[in-house]
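Topology and contacts: notes
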Amino acid sequence: RFRTRDSKERNLKQALGEIDRMASALGVHKPTRETASVMYRRALEDDLLPGRSIEGVATAVLYAATRMDGVARTIDEIAAVSRVDALEIKRTYRYVVRELYLQIPPTDPIEYVGRIASKLDCSDDTTRQARQLIEAATARGVHSGKHPVGIAASAVYAAGKLCDETITQDEVSEVADISNVTIRNRYREVLAAYEDDHSG
């Protein structure tokens with residue numbers, strides 16, 4: 001009995017160290033780390049780990065925690081600091097969400113605006129405008145079934161145009177890791193929704 005308890009303690013210690021390391025690299029605050037740690041403990045208690053790597057489960061619960069706490073990071077951002085690849089993260093994430101009955105809200109594109117805008121060094125006006133564009137797009141259902149980062153990136157690009165700030169598609173594409181084509185397509189939809197909203 002003691003042996004299993006020891007190995008669980010060791011497992012937990014390693015996982016919590018891993019969660020902390022990744023969270024630091026991603027700039028994720030303490031409360032969200034706590035959320036991830038609690039989930040990991042539950043997964044360990046419920047014996048969900050056999051056949052899965054400690055790193056994989058630690059990464060999956062951190063990804064889940066960022067979504068639950070409204071500070072979402074993309075799978076690519078998470079994979080960049082994890083020791084496991086994006087495919088394993090996605091698979092383990094789905095497994096953990098299902099087995100722990102987690103209620104994960106759909107990601108709001110607004111959550112990504114701040115990070116994209118600060119990487120581009122946008123003005124406050126542009127950032128504010130981008131949020132308004134997303135609110136209008138969300139109210140019109142434009143975001144439904146579409147990648148939230150794509151919507152956020154396009155809104156920042158559109159906001160730059162509306163606020164006379166020079167932001168190129170290439171720059172937005174690079175910091176958001178979204179293709180130019182996506183930005184162009186979403187940009188039109190986001191702008192149309194906003195104009196609809198403000199024409200009355």
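Here the structure is shown first, and the text comes after it.
All residue numbers here refer to positions counted from 1 along the written sequence of the relevant chain. In keeping with the predicted nature of the model, local features appear solely for residues at pLDDT of at least 70, side-chain atom pairs appear and are counted solely at 80 or more, and the whole-chain, interface and lining totals rest on all residues. Each side-chain value is derived from all of the structure's non-hydrogen atoms; neither hydrogens nor water enter the calculation.

Glancing now at the environment of Glu171. Here a strand is any run of E in DSSP of at least two residues, a helix any run of H or I of at least four, and the numbering for each starts at the N terminus. With respect to the helices and strands, Glu171 occurs in helix 9 (residues 169–176). Exposed residues in this analysis have more than 50% of their type's maximum accessible area, buried residues have under 20%, and partly exposed residues fall in between, with area computed by a 1.4 Å probe over protein chains only. Among the residues examined, Glu171 registers a relative accessible area of 37% and is labelled partly exposed. Placed 52 residues apart in sequence, Glu171 and Lys119 show a C-alpha to C-alpha distance of 9.6 Å. The contact partners of Glu171, leaving out residues within four places of it in the chain, are Leu120 and Thr166. The contact criterion used is simple: two residues touch if any of their non-hydrogen atoms lie within 4.5 Å.

To continue, consider the layout of surface pockets. The way it works is a 1 Å grid over only the protein atoms, where trapped points that fit a 1.4 Å probe form a cavity and open points with protein on both sides within 12 Å along at least five of seven lines form a pocket, and then any residue with an atom within 4 Å of a point lines it. Grid points are joined across faces, edges and corners, and a volume is the space filled by probe spheres set on the points. For the largest pocket, the calculated volume is near 470 Å³. Around the largest pocket, the lining comprises 25 residues; the ones closest to its centre are Thr74, Ile75, Tyr112, His147 and Val149. Those elements that place two or more of their residues in the lining of the largest pocket are helix 3 (54–68), helix 4 (75–81), helix 6 (110–120), helix 8 (148–162) and helix 9. When residues of the lining of the largest pocket are assigned to their parent elements, the largest contribution, four residues, is made by helix 6. Gly falls in the polar group here, along with every residue not listed as nonpolar (Ala, Val, Leu, Ile, Met, Phe, Trp, Tyr, Cys, Pro) or charged (Asp, Glu, Lys, Arg). Each residue belonging to the lining of the largest pocket can be placed in one class, and the counts come to eleven nonpolar, five polar and nine charged.

Patches in this entry comprise residues that are over 30% relatively accessible and not in a salt bridge; like charges within 9 Å are linked, as are nonpolar side chains (Val, Leu, Ile, Met, Phe, Trp, Tyr) within 5 Å. Computed by Shrake-Rupley with a 1.4 Å probe, the accessible areas treat only the displayed protein chains as cover when residues are assessed. In the sections that follow, a salt bridge refers to a side-chain nitrogen of Lys or Arg positioned within 4 Å of a carboxyl oxygen of Asp or Glu. Under the counting rule used here, the positive set is Lys and Arg, the negative set is Asp and Glu, and His together with the chain ends is not counted. To locate a charge, take atom NZ for lysine, CZ for arginine, CG for aspartate or CD for glutamate. Taken together, Arg52, Lys90, Arg91 and Arg94 make up a surface patch of like positive charges. Note on Arg91: relative accessible area 46%, which makes it partly exposed.

Working definition: a ring pair exists when centres of Phe, Tyr or Trp rings (six-membered ring for Trp) sit within 6.5 Å. Plane angles under 30 degrees give stacked, over 60 give edge-to-face, the rest tilted. Applying the stated criterion to the full structure yields two aromatic pairs. Centroid distance Tyr63 to Tyr93: 4.7 Å. Interplanar angle 65°. Geometry classified as edge-to-face. In this pair, Tyr63 sits in helix 3 while Tyr93 sits in helix 5 (residues 86–99), placing the two residues 30 residues apart along the sequence. The pair formed by Tyr63 and Tyr93 is uniform in burial state, with each residue classed as buried.

On to the packing of helix 2 (residues 30–45) against helix 3. Where helix 2 meets helix 3, the closest approach of the two axes is 8 Å, and the angle between their N-to-C directions is 130°. Regarding the angle of helix 2 to helix 3, the classification is oblique. Every pair of crossing elements has a handedness; the one defined by helix 2 and helix 3 is right-handed. Counted together, Thr32, Thr35, Ala36, Met39, Tyr40 and Ala43 of helix 2 and Ile54, Val57, Ala58, Val61, Leu62, Ala64, Ala65, Thr66 and Met68 of helix 3 form the full contact between these two elements. Geometry is summarised by axes, namely lines fitted to C-alpha atoms with helices restricted to the contacting stretch, and by angles between N-to-C directions that run from 0 to 180 degrees. Reported orientations rely on four angle classes, namely roughly parallel under 35 degrees, roughly antiparallel over 145, roughly perpendicular from 65 to 115, and oblique for the rest. Each crossing gets its handedness from the near helix: less than a right angle anticlockwise from the far helix is left-handed, clockwise is right-handed.

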